[in-house]
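So you can see what is in the structure, the chains are spelled out below.
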Amino acid sequence: MTDHAPPPAGLASRVRKFEIYEVEFFGVEPTGSHVEVDLEVVFEGPGTRTRIPGFYAGNGRYLVRFSPATEGRWTYRTSSSFLEETVGEFRCLPARPDEHGPVRAEGLHFQHDDGTVFAPFGTTAYAWTHQPPELIAQTLRTLATAPFNKLRMCVFPKSMAYNSDEPAEQPFERDADGGWNVHRPHLPFWENFENRIRDLARLGIQADVILFHPHDRWGFATLSRESCLTYLDYCLRRLSAHANVWWSLANEYDMMFDRTPQDWDAFGEFISANDPYGHPLSVHNWLENFDFTKTWVTHCSIQSSAVHATAQWRTTYSKPVINDECRYEGDIEEPWGQLSPFELVHRFWATILQGGYCTHGETYYRDDEILWWAKGGELRGGSAPRIGFLRALVEELGGMLDPAPDRFAINPNDAVAAPPANQADNLHLRALARLDAVGWERFREGTAKYQAYQSDRAALLTYFGRSCQSTAHLDLSEDEWTLEILDVWNMTRTRLPGTSSGRTRLALPGREGIAVLARRARPAAQ
């Protein structure tokens, strides 16, 4: 390769905070790997210094992308064995009002880099980026009016029921033996994939990028560990500067039988060490939860119908919990795609009032096999607007809900150490303590009433689930509280007159899907 002149004089001298500053160089095509190119740029700004590797973009172009998180003057200097040293500078301006930077796990919740709370309300369209342009455009039109702010999407094409089409492009070129040459990314594929991430960013949607999955007929699921690390290196070099990226190391990791625990650790540690922006990183399961206690995992990404266990997962892993697949609303033959619209809405409420987050999917059968969960297109079900109703409520309450203490939160295998003051509760606890683990789970699922506090405890939200009760008691503090009856299906909110305090009896509509929002109006008189 040969040296080249410095970048053009017209290189941008300003960029807004959290946007991408791109440095472009020109040279000849690499003679070896098109991924592991020897090009790095050191960016120095107010109180910080970051090294960013570059990547080959085809036609003699080399790109380095950097997303500054600090306003002020930045300088940069190239380091390369085949390019002359280049220096430059730019100024980072304040972020746009609607741009808050990458999302981080913060305690048991999420927030953007600038501290803005982020409550994920996701959906799933695994293979939408592999579809024809007109279907991609329709998907984006649907997302523009849908209530979702996170989208689960695969890098590799997917091969399973309702998703058997051959994609127009593949991520890598073939080698001489017909295998995949991970050192030669197929650029049209990556340009399309990256453009879809940009499209989502314009809609305010996080791209939850699924890096591996088992539903494969092309050989991507069985790449060697070394090949996988090369592929991950390219993903990081090319995509990590996008503020709306999340990393999902796998969809249904426990169905990828050619992968070992050591592989997952190698992949997770590589991403954690080489992502300059610390994007969210997790692993999704089929049957067995991943070990989310690992230091490189930022949050729990779970597949489970046991939504009543959300609070327990928070306690077990001490990380934010997203039930990314609690099954899907739809009418297909497969049992994972047969939920009624109300059942999916119910699972969202049950999850979120235990301090977790939930992800939508839709699987209504079509003769053309365009199901939202796989290919995008149009939403046909009834849950999406009701999920939007819940999202608006959660954001109104500050975006972070934490579960209220459960008076029956005991380990059934432990003896009751001391009887509570209330004799009725004592009888309940003594009986529950005799249950085995299966009986305990059945009890928790069958008697669930969900309660959560706003982070400052200025509001208490109670969801009665599938109960059709016509009356209920709320145990409020002696402060004065205003009360609203919420119908989660009809999306109505009815304010009750006056205020309440202490143990309060309520008349309810006597049907499932009812919630009560109590807001502290003023403290009790001293």
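An account of the accompanying structure is given in this report.

Procedures and definitions
Residues numbered from 1 in each chain as written. Predicted model: local features only at pLDDT ≥ 70, side-chain atom pairs only at ≥ 80, totals over all residues. Heavy atoms only, no water. Helix = DSSP H or I, 4+ residues; strand = E, 2+ residues; numbered from the N terminus. Buried < 20%, exposed > 50% of the residue type's maximum accessible area, 1.4 Å probe, protein only. Phe/Tyr/Trp six-rings, centres within 6.5 Å; stacked < 30°, edge-to-face > 60°. Lys NZ or Arg CZ within 6 Å of the ring centre and 35° of its normal. Axes fitted to C-alpha atoms, helices over the stretch in contact; angles between N-to-C directions. Parallel < 35°, antiparallel > 145°, perpendicular 65-115°, else oblique. Left-handed = near helix turned anticlockwise from the far one by under 90°. Contact = heavy atoms within 4.5 Å. Nonpolar A, V, L, I, M, F, W, Y, C, P; charged D, E, K, R; others polar.

## Overview of unusual backbone geometry
Here is step 1: In this model, Tyr162 sits at a positive phi of 65°, which is unusual for a non-glycine residue.
Here is step 2: Counting through the fold element by element, Tyr162 comes out in the loop between strand S13 (150–154) and strand S14 (172–174).
Here is step 3: If you check the backbone angles, Arg327 has positive phi at about 80° while not being a glycine.
Here is step 4: With respect to the secondary-structure elements, Arg327 resides in the loop between strand S20 (321–325) and strand S21 (329–330).
Here is step 5: Its relative accessible area of 37% is what places Arg327 among the partly exposed residues.

## Here's the deal with the packing of aromatic side chains
Here is step 1: Summed over all chains, the structure comprises 45 aromatic pairs.
Here is step 2: Plain terms: the ring middles of Phe189 and Phe193 are 6.4 Å apart, the flat faces sit at 5° to each other, and that makes the pair stacked. Pair noted here: Phe189 and Phe193 are both in helix H2 (residues 187–202), with a separation of four residues, about one helical turn. Of the two residues examined, Phe189 and Phe193, each falls in the buried class.
Here is step 3: A cation over a ring is seen here: Lys158 above Tyr126, with NZ or CZ 3.2 Å from the ring centre.

## Quick word on the packing of helix H3 (residues 225–239) against helix H4 (residues 261–274)
Here is step 1: In contact at an axis separation of 10 Å, H3 and H4 are set at 25° when each is read in the N-to-C sense. Between H3 and H4, the angle falls in the class roughly parallel. By crossing handedness, the relation of H3 to H4 is classed as right-handed. Between H3 and H4, the contacting residues are Arg225, Cys228, Leu229, Leu232, Asp233 and Leu236 on the first element and Gln262, Asp263, Ala266, Phe267, Phe270, Ile271 and Asn274 on the second.
Here is step 2: Of the residues belonging to the contact of H3 with H4, the class tally is eight nonpolar, two polar and three charged.

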